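Here's the letter readout for the chains.
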Amino acid sequence: MRSPLARCVAASALAVVLIGGASGCAALPSASSPVPTSTASTPGPTPSVTAPTSEPSATPEPTQTPSGGFGGFAGEELAQICVDATLSAFPADVSFTIGDTRIEQRLVSPEWLVLVPAQASGLEAQAQCTIGGSPSAPVLGMSSASLEPLPEEQIENLIRGENEGGDR
């Protein structure tokens, strides 16, 4: 049997834990707030186009998108070079989604990291390449066929030119 004082202390401790837990839960939605901010940023460029002060930030994005935006390469061209380099390493039923290709500029040569999403044998797969040179003479550095997409940490390593031997 506990004394009334012990019960009061226990109840106070429980209240502190519950309030502290609720505060911790409240912090989680704040962490997910950047996602809506990103979503809000997507419509943001439309008003930016009308606002003269925001035009400089809208200008660099379209500069990379057109043909030749990747050191003279078009994005589809880099994706196709990577698909051609890795196709034989995938199962026969592979299907690439070239329109969803991720291209990152690297800090080392070859200059471009190209990640082409694919489906192979019912799995999410990915063609992974580093490409440099020019459209008339492309230079293929690394080429890899993976039955799972690279983790973001490994992508960052590849951008810096680290762990290109396949170590994760």
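See above for the structure.
Reading the values: rules and limits
Residues numbered from 1 in each chain as written. Predicted model: local features only at pLDDT ≥ 70, side-chain atom pairs only at ≥ 80, totals over all residues. Heavy atoms only, no water. Core = buried A, V, L, I, M, F, W, Y, C linked by side-chain atoms within 4.5 Å. Buried < 20%, exposed > 50% of the residue type's maximum accessible area, 1.4 Å probe, protein only. Helix = DSSP H or I, 4+ residues; strand = E, 2+ residues; numbered from the N terminus. Contact = heavy atoms within 4.5 Å. Salt bridge = Lys/Arg side-chain N within 4 Å of Asp/Glu carboxyl O. Disulfide = S-S within 2.5 Å.

A. Representation of the nonpolar core. Ranked by size, the top nonpolar core spans 19 residues in total, and within it Leu 78, Phe 96, Val 114 and Val 116 carry the most contacts. The set of elements that each furnish at least two residues to this core consists of α6 (75-86), β3 (112-120) and β4 (123-134). The biggest single contributor to this core is β3, with five residues. The residues touching Leu 78, leaving out its near neighbours within four places in the chain, are Phe 70, Phe 73, Ile 103, Trp 112, Val 114 and Ile 131. Counting seven residues, the second-largest nonpolar core is a separate cluster that includes Leu 113, Leu 150, Ile 155 and Ile 159.

B. Geometry of unusual backbone geometry. With an omega of -5 degrees, the peptide bond between Ser 109 and Pro 110 qualifies as cis. Position of Pro 110 among the secondary structure elements: in the loop between β2 (102-105) and β3. Unusually for a residue other than glycine, Ser 121 sits at a positive phi of about 55 degrees. With a relative accessible area of 45%, Ser 121 lands in the partly exposed category.

C. Spatial organisation of the pattern of salt bridges. Per the counting criterion, the structure on display carries three salt bridges. Between Arg 160 and Glu 162 there is a salt bridge, and its shortest N-O distance comes to 3.3 Å. Taking the relative accessible area as the measure of exposure, Arg 160 reaches 36% and is therefore partly exposed. Here the residues in one salt-bridge network are Arg 102, Glu 104 and Glu 152, joined through shared partners.

D. The state of the cysteines, seen in detail. For the structure on display, the rule yields one disulfide. Disulfide partner of Cys 82: Cys 129, at an S-S distance of 2.2 Å. Because the torsion about its S-S bond is 85 degrees, the bridge between Cys 82 and Cys 129 counts as right-handed. With Cys 82 in helix α6 and Cys 129 in strand β4, the pair connects residues that are 47 residues apart, well separated along the chain. Accessibility expressed as a relative area gives 0% for Cys 82, which makes it buried.

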